[in-house]
Amino acid sequence: MSSKILIIEDEEKIARFVELELGYEGYTTTKAFDGRTGLELAETGEFDLILLDVMLPQLSGMEVLRRIRRTSSVPIIMLTARDSVVDKVFGLDSGASDYITKPFAIEELLARIRTALRKTMPEDVVLSASGLMLDTSRHTVSVKGTPIELTKREFDLLHFLLKNKGLVLSREALLENVWGFDFAGETNAVDVYVRFLRGKIDEVFDIKLIHTVRGVGYVIKDEP
Ligand code: CA
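Residues numbered from 1 in each chain as written. Predicted model: local features only at pLDDT ≥ 70, side-chain atom pairs only at ≥ 80, totals over all residues. Heavy atoms only, no water.

Chemist: Give me the packing of aromatic side chains: which residues, what numbers.
Modeler: Going through the model one piece at a time under the given rule, you end up with two aromatic pairs. In textbook terms, an aromatic cluster arises when at least three aromatic residues are bridged by ring pairs, as seen for Trp179, Tyr193 and Phe196. (Phe/Tyr/Trp six-rings, centres within 6.5 Å; stacked < 30°, edge-to-face > 60°.)

Okay, here's the thing in structure tokens:
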């Protein structure tokens, strides 16, 4: 099902342009040209995301934002004409998910919409590949029903690889996401931990879980 986006923007040309572009991307949209109508629509709770202009007739964008936030945590991206730090800080403090300054490139708006929508999607609790199951809520790992003991770092590395199943991840990306910025440069740590994981998983259960992509990094793939 496509995500529903409410566009609250009094500049009709901008609203129509955004509506058209979002339509191409497969989103379903509704437009409101003033704050009061926008708020009423938002309060139906039907929308997955709201684009909200700051300068609006009848009810300002900030006021609309405040009122929506009384009852809803729907992602809201503020559209601000002025490149004003005050607006941005105030908007984010009042619960906006993000803001974008007009005029904006549509690609940038689309990227921010994707990010904001992704944040609201619940993460999968159980991740799996090649007979291995990782349960993020219980913090357990098992292969074909047999539990495996992992250290925290091994678990985190396996979790990140599984979350990105099918994507080849560079050592740098793994370091940054699993170890954090403090470890930048120590890419051999990744190789060491991949070896640990293979020792506990691939070798014990005779499966091929973590694949090396020479010169690039590592990937977990589902074996056919
Ligand atoms: Ca406006």
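Chemist: Account for the coordination of the calcium ion, with residues named and values stated.
Modeler: Binding of the calcium ion to the protein goes through Asp10 (OD), Asp53 (OD) and Met55 (O), at separations of 2.1 to 2.3 Å. Read in sequence order, the donor residues coordinating the calcium ion give the pattern D-x42-D-x1-M. Remark: aspartate 53 occurs in strand β3 (residues 49-53) and aspartate 10 occurs in the loop between β1 (4-8) and α1 (12-24); sequence separation between them is 43 residues. For aspartate 10, a relative accessible area of 28% corresponds to the partly exposed category. (Donors = N, O, S within 2.8 Å, 3.2 Å for Na, K, Ca; no water. Helix = DSSP H or I, 4+ residues; strand = E, 2+ residues; numbered from the N terminus. Buried < 20%, exposed > 50% of the residue type's maximum accessible area, 1.4 Å probe, protein only.)

Chemist: Hey, could you go over unusual backbone geometry for me, with residue numbers and the actual values?
Modeler: Excluding glycine, residues mostly have negative phi values, and the peptide bonds linking residues are mostly trans. In this chain, lysine 102 is followed by proline 103 through a cis amide linkage whose omega measures 0°. Following the sequence through the fold, proline 103 ends up in the loop between β5 (98-101) and α5 (106-120). Although it is not a glycine, histidine 139 adopts a positive phi angle of roughly 60°. Structurally, histidine 139 is set in the loop between β7 (132-135) and β8 (140-143). A positive phi angle, close to 45°, is found at lysine 144, a residue other than glycine.

Chemist: How would you summarise the sheet that holds β3 if you had to cite specific residues and measurements?
Modeler: Spatially, five strands are ordered β2-β1-β3-β4-β5 in an open sheet, and the strand pairing comes out parallel. Looking at which strands have only one partner, the edges of the open sheet turn out to be β2 (28-32) and β5. Across the sheet, the axes of successive neighbouring strands diverge by a mean angle of 20°, strand direction being ignored. Bridge count between β1 and β2: five bridges; the pairing is parallel. Looking across to β2, one finds that leucine 6 is bridged to threonine 30. On top of the sheet, helix α3 (residues 61-69) reaches β1, β3 and β4 (76-80); it is set at about 170° to β4, its chief contact. (Pairing = 2+ DSSP bridges. Axes fitted to C-alpha atoms, helices over the stretch in contact; angles between N-to-C directions. Contact = heavy atoms within 4.5 Å.)

Chemist: Break down the nonpolar core for me, with residues and values.
Modeler: A general tendency of soluble globular proteins is for nonpolar side chains to be buried together. Within the largest apolar cluster, 30 residues are counted, with the highest numbers of intra-cluster contacts made by Leu132, Leu158, Ile201 and Leu209. Mapped onto this core, the elements with two or more residues apiece are β6 (126-129), β7, β8, α6 (152-163), α7 (171-179), α8 (188-200) and β12 (217-220). A total of six residues in this core trace back to one element, the largest contributor, which is α6. Those residues within four positions of leucine 209 in sequence are excluded, and the remaining contacts are Ala129, Ser130, Leu132, Leu158, Ile201, Asp202, Val219, Ile220 and Lys221. Core analysis: the next-biggest nonpolar cluster, separate from the first, contains 19 residues, Ala32, Phe47, Ile76 and Met78 among them. (Core = buried A, V, L, I, M, F, W, Y, C linked by side-chain atoms within 4.5 Å.)

Chemist: I'd love a proper account of the pattern of salt bridges, names of residues and values included.
Modeler: Across all of its chains, the model carries 14 salt bridges by this definition. Between aspartate 98 and arginine 112 there is a salt bridge, and its shortest N-O distance comes to 3.0 Å. Taken as a pair, aspartate 98 in strand β5 and arginine 112 in helix α5 lie far apart in primary sequence, 14 residues in all. With a relative accessible area of 21%, aspartate 98 lands in the partly exposed category. With relative accessibility at 22%, the residue arginine 112 sits in the partly exposed group. (Salt bridge = Lys/Arg side-chain N within 4 Å of Asp/Glu carboxyl O.)

Chemist: Give a description of the packing of α6 against α8 that names residues and reports values.
Modeler: Taken N-terminus to C-terminus, the directions of α6 and α8 make an angle of 90°; their axes are 10 Å apart at the nearest point. On the basis of their axis angle, the class for α6 and α8 is roughly perpendicular. Contacts from Arg153, Glu154, Leu157 and Leu158 of α6 reach α8 at Tyr193, Val194, Phe196, Leu197 and Lys200. Partitioned by chemical class, the residues of the contact of α6 with α8 number six nonpolar, no polar and three charged. (Parallel < 35°, antiparallel > 145°, perpendicular 65-115°, else oblique. Nonpolar A, V, L, I, M, F, W, Y, C, P; charged D, E, K, R; others polar.)

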